[in-house]
Amino acid sequence: MAPRSAKAASTAGVKNQTLVIDNGAFTIKAGVVASSPTIEDCKVIPNCIAKDSVKKVWVGSQLDQCKDFGEMAFRRPVEKGYLVNWEAERAIWGHSFLAENAVAKCDPHETNLLLTEAPNCPQALQTNTDQIIFEEFEYASYCRTLAPTLNAYNDIPSLFGGPSSGDSSQGPAECLLVVDSGYSHTTVTPLINGHPVQQAIRRLDIGGKFLTNYLKEQLSIRAFYAMDETWIVNEIKEATSFVSDNFSRDLERTWKGGKTDRRSMDPSLLVDYVLPDFESTFRGVVRPYDHTTPKMNSRAPVTSASRDKIVTLGNERFAAPELLFNPSDVGMKEAGLPAVIIESVNALPLGLRPSMFANTIVVGGNALIPGFLERLRREVRELTPSEYDVRIASPEDPIRSTWLGGARLAAQHQNLANILVTRKEYLEHGASWLLRRFATHGP
Amino acid sequence: MSNPLSTNPFCSVPTTTHRPTMPQIELLPTTTNPSVPGWAYVLDRGLDPSRTALAPTTGRRPRTLLPAAAASEQLSTRQQAALTRRLHDLDRDGTGREVEVPAKWKARTGGVVRRILLSEKGWSHHLADEEARIAALAGGAPPPVESGKRRVRSGISSGVGTPGGPVGSGTGAGTGELEEGLTAQEVERLLAVPALSFSAARAGPPGERAARTFCEICGYWGRARCLKCGARVCGLECKEQHDVECRRKFA
């Protein structure tokens, strides 16, 4: 070990401020916490290095200043939910936490780090992370934990209409089932007192990325070549998609009809989306459906009268989110999310099942899709015995919910000290000791 | 297409005799076998392991015998390969190395950290390594072979080596649990069980309900099938549009 590192270790210990990082595949949710955190302390940083059409490179939060997202290429260090490429991640972290004008600047030697990871992570990747944290960044102390577990520290009773404690120093929720539907995949994690029941964690390999790619494919067949326009299609998805409460009915309503029996589509299900041209407009706009304007997905040639590029979206709006409930629609041999929830709960002892169904929360970006919660509630209800109470809720900000839970934990200095590992301990015991410790001593 | 064998992905099947993990070797249909109308007698051998090995399986439990109705819906090899490719494409992401890390943040330190930072391994490599590690722990399989070819293969079929699978899968009956609450000891025991592997945590297979099919052109129900390529369309109008593409593909 280099003498420089040894010297730093002698002064290391648990510090007063903690950097909480929820390291998602699409965005990093991060913020420095000292005491009484609020959701505004959390910064959402794109977790990518991007190259635009004129070969300019944007790192992490620089993308907020970017305007032209046409043909943007992305490199994401987190693959399938797991931190795989540290070369790119180090650049993004450096830019976000270490650089002069970083959005969450803090000195690693004076900071504890609370970092999240996705469940069922390969050990080699966990060891890589541990080594980078202590040997490259040199944080004073550190804890790596499953992302869903941190949600247990949020004010869970208030989500189910109970009294809000308003007290951020309370312990974790006793029983909680966390459905985390993010960019890479959707996981179901049962928690007891904030500890994950590892053998009951289940994963559905469909996340926001899959939905965007599916929409990209559909639009490329019907409207315009969208395969290189990930960013634009993602914007379209976020602006227009919804989960249908009756898929076959809505599919009928958005059908153009056969060759001889034309049908008029239900205009309440259609919307027009005006694509940005990246000259005068930089954001797409959703408009009510107007059958008079020329469309890119109609067979008729676009006249020069209007220079707007408009796409009408019908069944595309709900066919993509439908995949979360029916992965077999694209031939994937996995059950839909409601059945995955049942599968996860059924892996628990019988005595725990009622309280899991009664305390289910949905976090992650897909929870924002309109209709998602209602559909999930209905289908889980149909699949559970009638004597069980099914309560599914979503926090106000499902994207930053995990971070907020972590921040509330970080503000409880005593509890935090129990789970942190200092750099000195790491240098003394080594990486494989740390691996075992985090596997058995979660928060 | 000068030599059909060299471009056919299944011509490499006989080489699998070198892989001790493959118990049964079977010749897959090689050249194009267009699905023709009509019927024929075929030998029903039940579960076809070579086919399930190609399918995107759930990896956790052995596939049970398909019911008779579903068996007729079984996909041809080419369709299966196309499906696997499509699912892979839908899950793809901008992880290509074409976007360079800015020079300011290039790795400069040495030692173990440098090895991690400059690692060229992607997710599929790590997944293959992890599965090999688990298999080696179970004592069944030889230690991991560090060759690129093997990694790619096991990235597709991830069904090997899942020890410590879910205990309570199914109805959970007979695990001796209490009706009301658990004692602290039981909870502790429950929480002490180690994590599942990546493949073991994957969701189970979908239920019995017949798969829905959709028109490839407009997204409505796929009520008819193209005889040439098996693609689904909703009606004549979409079929005409499909034929333009289809002719191009198989001309």
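Residues numbered from 1 in each chain as written. Chains lettered and ligands numbered in written order. Predicted model: local features only at pLDDT ≥ 70, side-chain atom pairs only at ≥ 80, totals over all residues. Heavy atoms only, no water.

Overview of the interface of chain B and chain A
No. 1: Facing the 82 residues of chain B at the interface are 82 residues of chain A.
No. 2: Summing both sides of the interface, chain B and chain A together bury roughly 7,600 Å²; the carbon and sulfur share of this comes to 56%.
No. 3: Summed over the three residues of chain B that lose the most area to chain A, namely L90(B), W105(B) and W123(B), the buried surface amounts to 10% of that side.
No. 4: Along the contact surface separating chain B from chain A lie 8 salt bridges.
No. 5: Here D205(A) makes a salt bridge to R202(B), at a shortest N to O gap of 2.9 Å.
No. 6: At the boundary of chain B with chain A, the tally comes to 21 residue pairs in polar contact (both at pLDDT 80 or more).
No. 7: Broken down by secondary-structure element, the contributors of at least two residues to the side of chain B that touches chain A are α4 (77-90), α5 (111-117), α6 (123-138), α8 (184-192) and α9 (236-250) of chain B.
No. 8: Taken together, the residues that form the side of chain B that touches chain A break down as 40 nonpolar, 17 polar and 25 charged. (Contact = heavy atoms within 4.5 Å. Buried area = accessible area lost by both parts, 1.4 Å probe. Salt bridge = Lys/Arg side-chain N within 4 Å of Asp/Glu carboxyl O. Polar contact = N/O pair within 3.5 Å; in protein donor to acceptor, adjacent residues only side chain to side chain. Helix = DSSP H or I, 4+ residues; strand = E, 2+ residues; numbered from the N terminus. Nonpolar A, V, L, I, M, F, W, Y, C, P; charged D, E, K, R; others polar.)

A short note on the nonpolar core
Residue and element names in this part refer to chain A.
No. 1: In terms of nonpolar packing, the biggest core is built from 65 residues, with I21, W86, W93, F97 and L113 touching the most fellow members.
No. 2: Take this core: its biggest share by element is 6 residues, from helix α2 (residues 86-98).
No. 3: Look past the residues within four positions of I21 in its chain and what remains in contact with it is I28, K29, A30, W93, F97, L113, L114, L115 and T116. (Core = buried A, V, L, I, M, F, W, Y, C linked by side-chain atoms within 4.5 Å. Buried < 20%, exposed > 50% of the residue type's maximum accessible area, 1.4 Å probe, protein only.)

Structural notes on the pairing of strand β12 (residues 186-192) of chain A
Residues and elements named next belong to chain A.
No. 1: When you tally the buried positions in β12, you get 7 out of 7 residues, the bulk of the element.
No. 2: Neither face of β12 is exposed, since T186, V188, P190 and I192 on one face and T187, T189 and L191 on the opposite face are all buried.
No. 3: Across 7 bridges, the pairing between strand β11 (residues 175-181) and β12 is antiparallel. Residue pairing for β12: V179 is matched across the bridge by V188. (Pairing = 2+ DSSP bridges.)

Quick word on the confidence of the model for chain B
All names here are of chain B.
No. 1: Confidence along chain B averages 65 in pLDDT terms, with 49% of residues attaining 70 or more.
No. 2: The spread of mean pLDDT over the elements of chain B runs between helix α7 (residues 148-156), the lowest at 31, and strand β2 (residues 232-233), the highest at 89.
No. 3: The model gives residues 1-19 a pLDDT under 50, and that stretch makes 16 contacts with residues more than four places away or in other chains.
No. 4: Confidence drops under pLDDT 50 across residues 62-72; counting only partners more than four residues distant or on other chains, this segment forms 10 contacts.
No. 5: Predicted complex metrics record ipTM = 0.84 and pTM = 0.80. (pLDDT = per-residue confidence, 0-100.)

A few points about helix α5 (residues 208-222) of chain A
No. 1: Over its 15 residues, α5(A) runs 21 Å from end to end, which matches the ideal 21 Å to within 8%, given 1.5 Å per residue.
No. 2: Taken across its 15 residues, α5(A) has 13 buried, putting it largely inside the fold. (Expected span 1.5 Å × (residues − 1).)

Focus: the pattern of salt bridges
No. 1: Counted according to the given criterion, the structure contains 30 salt bridges over all chains.
No. 2: Of the charged contacts, one joins R133(B) and E130(B) as a salt bridge, the two residues approaching to 3.0 Å between their closest N and O atoms. With R133(B) and E130(B) both in helix α6 and 3 residues apart, the pair spans about one turn of that helix.
No. 3: In the salt-bridge network here, residues are joined through shared partners; they are E322(A), D329(A), R375(A), E379(A) and R212(B).

What to know about the domain arrangement of chain A
Residues and elements named next belong to chain A.
No. 1: Examined at the domain level, chain A breaks down into domain 1 (6-204 + 397-440) and domain 2 (208-322).
No. 2: Between domain 1 and domain 2, the C-alpha centre-to-centre distance is 36 Å.
No. 3: Domain 1 puts 11 residues into the contact, and the matching count from domain 2 is 8 residues.
No. 4: Buried surface at the junction of domain 1 and domain 2, both sides included, amounts to about 950 Å², of which 61% is carbon and sulfur.
No. 5: It is K67, F69 and Y183 that lose the most area in domain 1 upon contact with domain 2, and together they represent 47% of the buried surface on that side.
No. 6: Taken together, the links from domain 1 to domain 2 amount to 0 salt bridges. (Domains from an automatic or database assignment.)

Quick notes on the sheet that holds strand β15 (residues 271-274) of chain A
Two strands in a sheet stick together by hydrogen bonds in their backbones, pointing the same way (parallel) or opposite ways (antiparallel).
All names here are of chain A.
No. 1: Taken in spatial order, the 3 strands make up an open sheet running β16-β15-β17, and their pairing is antiparallel. This sheet does not close on itself; its edge strands, each paired only once, are β16 (285-288) and β17 (310-313). Strand after strand, the sheet turns through a mean of 30° between neighbouring axes, direction not considered.
No. 2: In terms of strand pairing, β15 meets β16 through 4 bridges, oriented antiparallel. (Axes fitted to C-alpha atoms, helices over the stretch in contact; angles between N-to-C directions.)

So, the side chain of R437(A)
Residues and elements named next belong to chain A.
No. 1: Relative to the helices and strands, R437 resides in helix α15 (residues 431-440).
No. 2: An unpaired buried charge is present at R437: no salt bridge exists, and E425, the closest side chain of opposite charge, is 4.8 Å distant.
No. 3: At a separation of 3.1 Å, a polar atom in the side chain of R437 contacts the main-chain carbonyl oxygen of N418.
No. 4: Those residues in contact with R437 that sit more than four places away from it in its chain are N418, I419, L420 and V421. (Lys, Arg positive; Asp, Glu negative; His and termini not counted.)

A word on the sheet that holds strand β6 (residues 73-75) of chain A
Residue and element names in this part refer to chain A.
No. 1: Strand order in the open sheet formed by 3 strands is β5-β4-β6, and the pairing between neighbours is antiparallel. The open sheet has two edge strands, β5 (57-59) and β6, and neither has a second partner. Neighbour-to-neighbour, the strand axes of the sheet open up by a mean angle of 20°, direction not taken into account.
No. 2: One ladder, built from 3 bridges, connects strand β4 (residues 49-51) with β5; its direction is antiparallel.

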